[in-house]
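Commentary on secondary and tertiary structure
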Amino acid sequence: AHDAPASGRRIVGYYAANEHIDDASAARTAGPVADALAKGGGAPAVLVQISNRRLADAGDHGLSAFARAGDSWGPLDVACAPSSKFLAALDAGIEIVDFDAHLDDVAKDWRNPHVGDWLEAN
Amino acid sequence: MTSYAELKTAADAAPRDFSKATALLKFVRGHQLRKPAVVARYGAAILNDRRAASRLGDEVWSVYEQTLLAALDVDDGELRDACEAAILERFDSASTPSQRVERLKGLVAEAAGDWDAAMARYAGLLEGNAANAAALKREICVLKGRGAKPDKVAEALNGYLAKFQSDSGAWQALAEVHAGALRFPDAVFCYEELALFDPLAQHYQRRLGELYYSWGAGLGAAKAEPKYRRARKYFARSLELHKKDNARAATGLLLTCSAIKLQCRGAKPDGDDELNAALGQLAASHLTAAYERAAPPCRAAAAALVA
């Protein structure tokens, strides 16, 4: 939301993953966070839930996406590279920087340009 | 003083030089870091090389143990079996079962999802010594692994802490179980205990700030202010204890001062306004200083926050 004026980019959503591999429930804080993002950004936000079990399948990306539909969330289609690609990136030493990691060391860039670069090259 | 990053860079640069890999693994052990992919890779390399392994002397067993744990984390079945076999051959005798080996067997069972087998191992350890903290803690991990609800996990941790009151890791685990369930008073209580153990630990102060801020954010404007004011105090203390590169505390302090002014008071003047503004300014200047090291777009985003 704060990046918007400078680059024309927006934060469009929030992704959540549960700690327990078999916990497929909606992450408790995810909905309210996505709503707050939508309110602050002035546009609808997307909620992405990561299914831990599905990630084990190399051909599956393990993601489910939702958009606000009245009082609840309705599913959206997701087009994404499969989890095998993420593993290839990990093996190549590509580390995603999330905002938490960024706060630990602000030199790490939460926009992850290195990830974009690697994906384009591979 | 060398850092993990430096040791890793040195090991990556010289893959045939096992002394670099050994130094890296020793650092990871000593600092109790969890770097499974790195440990599995370098541990396997060292242990597979006869000369490198023999040059370690007795240290080789620590490396076997460390590599076994890493193999469990990255789910490398071959590596796990090889390490386990080596350790069992050396240490597992029927006459005097080693506590350390029993714990490792339990961990292997846990990784395979064989909860009953794991619990049997830990029960065995506790029969020999009812105060075996490691076994008691693993039992709680099995509880979590089985998918127990936060209430049950908290109950188990409370039981453990009743026996081991100074285990700060357990206090923090309990605090985070409470925080995850949005039970702020309980989470705060735990972190206050931790802050008593270590009053100069800036991260406990900062976490208390975060908890009070989240607590306040969930309340109406009138009730929120006391929580925000406590949060402000803790963030400020964290910043005082750790001034340089403390982006978390600086951000927290900035957001809290902002919340106090905008959400709680609005246009109504208050005796505390001057202090609030001063703390907000302090937070802003620390945040800007911390972001000197960041990539320009991140810095710009931080500057927008400050404005």
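Let us look at the structure shown here. (Residues numbered from 1 in each chain as written. Chains lettered and ligands numbered in written order. Predicted model: local features only at pLDDT ≥ 70, side-chain atom pairs only at ≥ 80, totals over all residues. Heavy atoms only, no water.)

1. Points about the overall build of chain B
In terms of helices and strands, chain B carries 17 helices and 0 strands. For chain B, whose C-alpha radius of gyration is 24 Å, the value lies well above the compact-globule estimate of 19 Å for 307 residues. Overall size of chain B, expressed as C-alpha extent along the three principal axes, is 75 × 45 × 30 Å. For chain B, with 307 residues in total, the buried portion stands at 42%. A sequence separation of at least 24 residues applies to 49% of the contacts in chain B between residues at least 6 apart. When the accessible surface of chain B is split by element, carbon and sulfur atoms take 54% of a total near 16300 Å². Taking the average location of the 42 positive side-chain charges in chain B and that of its 38 negative ones, the two points are 4 Å from each other. (Helix = DSSP H or I, 4+ residues; strand = E, 2+ residues; numbered from the N terminus. Rg over C-alpha atoms; globule rule 2.2 N^0.38 Å. Buried < 20%, exposed > 50% of the residue type's maximum accessible area, 1.4 Å probe, protein only. Contact = heavy atoms within 4.5 Å. Areas by Shrake-Rupley, 256 points an atom, 1.4 Å probe, with all protein chains shown as cover. Lys, Arg positive; Asp, Glu negative; His and termini not counted. Charge placed at Lys NZ, Arg CZ, Asp CG, Glu CD.)

2. Some details on the pairing of strand 3 (residues 63-69) of chain A
Residue and element names in this part refer to chain A. Relative to strand 3, strand 2 (residues 46-50) runs antiparallel, the two sharing 5 bridges. Of the residues in strand 3, the one forming a bridge with Gln-49 is Ser-64. Across 5 bridges, the pairing between strand 3 and strand 4 (residues 72-76) is antiparallel. Of the residues in strand 4, the one forming a bridge with Ala-65 is Leu-76. Linking strand 3 back to strand 4 in an antiparallel pair, the connection comprises 2 residues, with Gly-70 at a positive phi of about 65°. (Pairing = 2+ DSSP bridges.)

3. Notes on the side chain of Asp-167 of chain B
With respect to the helices, strands and loops of the structure, Asp-167 of chain B is situated in the loop between helix 10 (150-163) and helix 11 (168-180). In this structure Asp-167 of chain B comes out as buried when scored by relative accessible area, which is 15%.

4. Considerations on the interface of chain A and chain B
Counting from both sides, the interface comprises 16 residues of chain A and, opposite them, 19 residues of chain B. Together chain A and chain B conceal approximately 1500 Å² of surface at their shared face, both sides included; 55% is due to carbon and sulfur atoms. There are 4 salt bridges connecting chain A and chain B. One salt bridge connects Arg-293 of chain B with Asp-105 of chain A, and the closest N-O pair in it is separated by 2.9 Å. Residues belonging to the side of chain A that touches chain B are distributed by class as follows: 5 nonpolar, 3 polar and 8 charged. (Buried area = accessible area lost by both parts, 1.4 Å probe. Salt bridge = Lys/Arg side-chain N within 4 Å of Asp/Glu carboxyl O. Nonpolar A, V, L, I, M, F, W, Y, C, P; charged D, E, K, R; others polar.)

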